[in-house]
Amino acid sequence: MTSLVGRFECEAADAGCEVRRTLAADFADALAESVERPAVGAPLPFTSVSLPEYVTTDPTPSDLDAAATGITPAQFAVAEYGSVAIRSTGGSDEAASLYPERHVAVLAESDVVGDMTAGIERMGKIVRAGGDAVFATGASATADMGELVVGAHGPREVTVVVVEDR
Amino acid sequence: MSRATREGKETREEKAARIRHLLATEGESVERNTKGFNAGRYDAVRELSDYEELKDEARAIKEDAISRLPELIEQVRETVEENGGTVYLADDAADANRYIREVCDDADAETVVKSKSMTTEEIDVNDALEADGTEVWETDLGEFVVQVADEAPSHIVAPAVHKSRETIAELFEARFDPDRPLETADDLTAFAREFLAEKIADADVGMTGANFVAADTGTLALVTSEGNARKSVAATDTHVAVAGVEKLLPRFEDLSPFVELIARSGTGQSITSYVTFLTPPGDAPTLDWDADTAGEGDRDFHLVLLDNGRTDLRGDDQLRETLYCIRCSACLNSCANFQHVGGHAFGGETYSGGIATGWEAGVHGMDSAAEFNDFCTGCTRCVNQCPVGIDIPWINTVVRDRLNREGDDRNFDFLVEGLTPDEESGRLDLQKRFFGNFSTVAKWGSATAPVSNWLARTPGVRALAERALGVDSRRDLPEFKRETLRKWFESRGGTRVEGANSGGTAAGVREAVLYPDTYTNHVAVERGKAAVRTLEALGVAVRIPDVPDSGRAALSQGMVSSAEAQARACASALAPHLDADRDVVVVEPSDLAMFRADYRKLLPETEAERIADNSYELFEYVYGLLENGGDADALRGAERETERGEQIGYHSHCQQRTLGLERYTTAVLEELGYDVSTSDAECCGMAGSFGYKREYYELSMEVGESLREEFAGDAQVVASGTSCCEQLTALRDDDVPHPIERIAPRN
Ligand code: SF4
């Protein structure tokens, strides 16, 4: 039996994501390896894990246009699909996950659920509390230009940083 | 943007020319893409251990939702209004467009950006808005391509599936004259993204569709890959979502099986890059590039629920299933005809593929369905692929039947009048009457053979047949045998199994009726003889009673009443044999599919059940006999000991595969020492009468060509269906028999 996070890691990698595991204490280093600046982002809700100074929160449209990386929390993840749930109401989570070429999602290991039934149930809680969210799996892509192209309207590269002790 | 609608009726010649043109210009791209999706689908659903359960669950949710539709509409209205949005229930396209134009007018909209939505294609909202001077941009890249090309989508999920990278590059060069040359797919994507980013930034209204709408929470679920839907919403402060009423699901949690199935069934991905759950208006900040601010997210939201014929579909016992469709595109990608010709031929004003017949009949009317309904040959390959279990061929048959009753092609009635004792009115298209009554033709053909065969080869007769009946003169016609299978059987004195005689059969001797289908009895008599010898070698006392046509031919032409009458006659002829506990063994898979599947729609339940339970495909039966102690040495395989490992290519019949019966032939051939290779092609392209028809001959040959290529390295090929044998024989220029002729003992 592989662990939930192990399964998530495999599936997300299959979907084209880079997955990095880290302890909260080493978060800043792990993040630095995945970030290309300038970076925009949305605040992280995990205890003693926060965005470094260089990240612009509450970005304006021009900040978004200029950013190379967007960093957002993942509300939770679905192991079987390698999907992360990104909030799109309030705050700049959605814009930061969609406009820059690279998206870094920060996920607490305890927030990984197993299958889609559990994923939709958890999503239902967000929805019923008045929130919007998206299951993002891998980078944006299109097959509409005669071949598969990674990087359509959304990011071209996605990294998930899994914080193992959160 | 509607597909070119025809003034008056297109002739067969014109239709053939249109198909030929599409095969040449779009066929290659469509084939590469749809076959890719189809192969991906097989892999992606195989990963699901509970695939069948998920399909059942999805089906049950849809059945429930559609049965309670009026209630769900009221519920979603309340929820969305409580959330702060507006719901407009539009009766038809004009009503929806009027409302949307008002919303855009109120928002002083100069530019509207859209994400992909077939429902907005259905109402032609772009035309309506553009007539008001509003700019409309499709932000889904595939939709953008067809918008720029001023074409209609050729596929419900991948609208530009008919375009290659090269044709898109030419299109963009001509239209936009870009600063740097656009060569790779990456270049094209980057160019389109930048172009559209400006439009999105300028837009005043964002328009989306919805794949599903949860009535209890007012949530829209959008299944996309590019990320354009959310951008279109986030950049504007007015969001209009357009969805057919059938998109409503009772509860948010009902989404689960659909999220698992929709992408797998469509393009073969386990999930698309983005599955977005929006419960508008929501408070995501509105991005304003002019002011360079991320605003408050105080958004106007309008949910336009479209009826446009759906209430009538819901009341239609035969077509209601159409509303369960989640537009995944599995039935397009798994269809051999669609794979070659695409949605510009196999599609109506808006929708494409097999299920489009139901959609078009429902939302645009019978004229639109009439244009392309014949492309569904009833091969049934889509049936098991549909995630909500819609009987797509049946929907096509029903619509064909209704169209038949409206027809008025009477010019050459004298030709078929005597031959066609059908139940349909004399208004039925002659070509359909001819093929639908093939058993009568065959009876006359055998009775008068060889004269009938000479006659059929006479140029004048072929020309007349082509002109009047649309029978393509490039096809070899079946050659009728003077001695039918039944006559041969009688003249040899019936079965030769000991212990069986006309007075009764000794206890312990297994008895079977070999069903004398029209082809086996009149044309492919050798395979019937081989079947008799095989069964007898395995100790079965065979009978070949006079059982009439199963009704397959009539059903395939949409002549449902004739098929029903024939099914009743066939059932009564079989009844005494079933009473006497005899098994029914069937050579022709399409007739077996009648007994096993279609009769459930044509006969009372218990009667259909009894026939289904007691009928067997020939090799399924032989396999069972061998498993139960039958002596394989009695078959020809035993004589071939020295040749073990002999290569043989086997093409199973489409309907046989849908019933899961391909493996028996493979298993028996392997047990007898053959090294079997099987085909992947979904259908041979002949599909009963389809390949004989003047207007479809070239498409049929194109579909067959894929199959021929698969067997290019095989010295000998066998096939289960008569039409598959004929098609492969024509393509290989070599005899392709039924596999029974390879295993039957010689006399
Ligand atoms: S009919 Fe079934 S297979 Fe075809 S598009 Fe609809 S849901 Fe998919």
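About the cut-offs
- Residues numbered from 1 in each chain as written.
- Chains lettered and ligands numbered in written order.
- Predicted model: local features only at pLDDT ≥ 70, side-chain atom pairs only at ≥ 80, totals over all residues.
- Heavy atoms only, no water.
- Helix = DSSP H or I, 4+ residues; strand = E, 2+ residues; numbered from the N terminus.
- Salt bridge = Lys/Arg side-chain N within 4 Å of Asp/Glu carboxyl O.
- Buried < 20%, exposed > 50% of the residue type's maximum accessible area, 1.4 Å probe, protein only.
- Core = buried A, V, L, I, M, F, W, Y, C linked by side-chain atoms within 4.5 Å.
- Contact = heavy atoms within 4.5 Å.
- Domains from an automatic or database assignment.
- Buried area = accessible area lost by both parts, 1.4 Å probe.
- Polar contact = N/O pair within 3.5 Å; in protein donor to acceptor, adjacent residues only side chain to side chain.
- Nonpolar A, V, L, I, M, F, W, Y, C, P; charged D, E, K, R; others polar.
- Phe/Tyr/Trp six-rings, centres within 6.5 Å; stacked < 30°, edge-to-face > 60°.
- Lys NZ or Arg CZ within 6 Å of the ring centre and 35° of its normal.

On to unusual backbone geometry. At the junction of A:Arg37 and A:Pro38, the peptide bond is cis and its omega measures out at 0 degrees in the coordinates. Inspection of the secondary structure puts A:Pro38 in the loop between helix 2 (27-34) and strand 2 (39-41). That bond from B:Pro280 to B:Pro281 is cis: its omega, 5 degrees, falls within 30 degrees of zero. By secondary structure assignment, the location of B:Pro281 is in the loop between strand 9 (274-278) and strand 10 (287-288). Even without glycine at this site, B:Asn308 takes up a positive phi of about 45 degrees. Its location among the elements puts B:Asn308 in the loop between strand 12 (300-306) and helix 13 (310-314).

On inspection of all chains with the given rule, the structure shows 63 salt bridges over all chains. Note that B:Lys55 is salt-bridged to B:Glu52, the shortest N-O span being 3.6 Å. Here B:Glu52 and B:Lys55 lie together in helix 3 (residues 51-67), a separation of 3 residues that amounts to about one turn. On the basis of relative accessible area, B:Lys55 is assigned to the buried category, the value being 8%. Judged by its relative accessible area of 45%, B:Glu52 falls in the partly exposed class. One network of salt bridges, with partners in common, ties together A:Arg128, B:Asp216, B:Arg251, B:Glu253 and B:Asp254.

All right, on to the nonpolar core then. Ranked by size, the top nonpolar core spans 142 residues in total, and within it A:Phe135, B:Phe277, B:Leu514, B:Leu535, B:Phe595 and B:Tyr599 carry the most contacts. Here this core gets 7 residues from one element, more than from any other, and that element is helix 28 (residues 560-579) of chain B. Beyond its immediate stretch of four places on either side in the chain, B:Phe595 contacts B:Tyr515, B:Ser550, B:Cys570, B:Leu574, B:Val584, B:Val586, B:Ala608, B:Ile611, B:Ala612 and B:Ser615. Counting residues in hydrophobic clusters, the runner-up holds 56 residues, among them A:Val19, B:Phe176, B:Leu196 and B:Ala203.

Residues and elements named next belong to chain B. The assigned domain composition of chain B is domain 1 (12-310) and domain 2 (485-743). Taken residue by residue, the interface counts 12 residues in domain 1 and 8 residues in domain 2. Across the domain 1/domain 2 interface, buried area totals approximately 900 Å², and carbon plus sulfur atoms make up 47% of it. The largest share of the area that domain 1 buries against domain 2 comes from Arg12, Ile19 and Leu23, three residues that together contribute 44% of it. Of the charged contacts in the structure, one is a salt bridge between arginine 12 and glutamate 695, with a shortest N-O distance of 3.4 Å. Remark: the boundary between domain 1 and domain 2 carries 8 residue pairs in polar contact (both at pLDDT 80 or more). For the side of domain 1 that touches domain 2, the elements supplying multiple residues, two or more each, are helix 1 (12-25) and helix 2 (27-46). If one sorts the elements of the side of domain 1 that touches domain 2 by residue count, helix 1 sits on top with 7 residues. By residue class, the composition of the side of domain 1 that touches domain 2 is 4 nonpolar, 1 polar and 7 charged.

Let us now look at the packing of aromatic side chains. Residues and elements named next belong to chain B. In total, this model carries 26 aromatic pairs over all chains according to the counting rule given. Ring plane angle 10 degrees and centroid distance 4.5 Å describe the contact between phenylalanine 690 and tyrosine 696, whose orientation is recorded as stacked. Tyrosine 696 matches phenylalanine 690 in its accessibility class, with the two residues each being buried. Connected via pairs of aromatic rings, a cluster forms that spans Trp137, Phe144, Phe172, Phe176, Phe191 and Phe195. Positioned over the ring face of tyrosine 42 is arginine 41, at 4.3 Å from the centre of the ring. Sitting over the ring of tryptophan 359, arginine 327 keeps its end group 4.5 Å from the ring centre.

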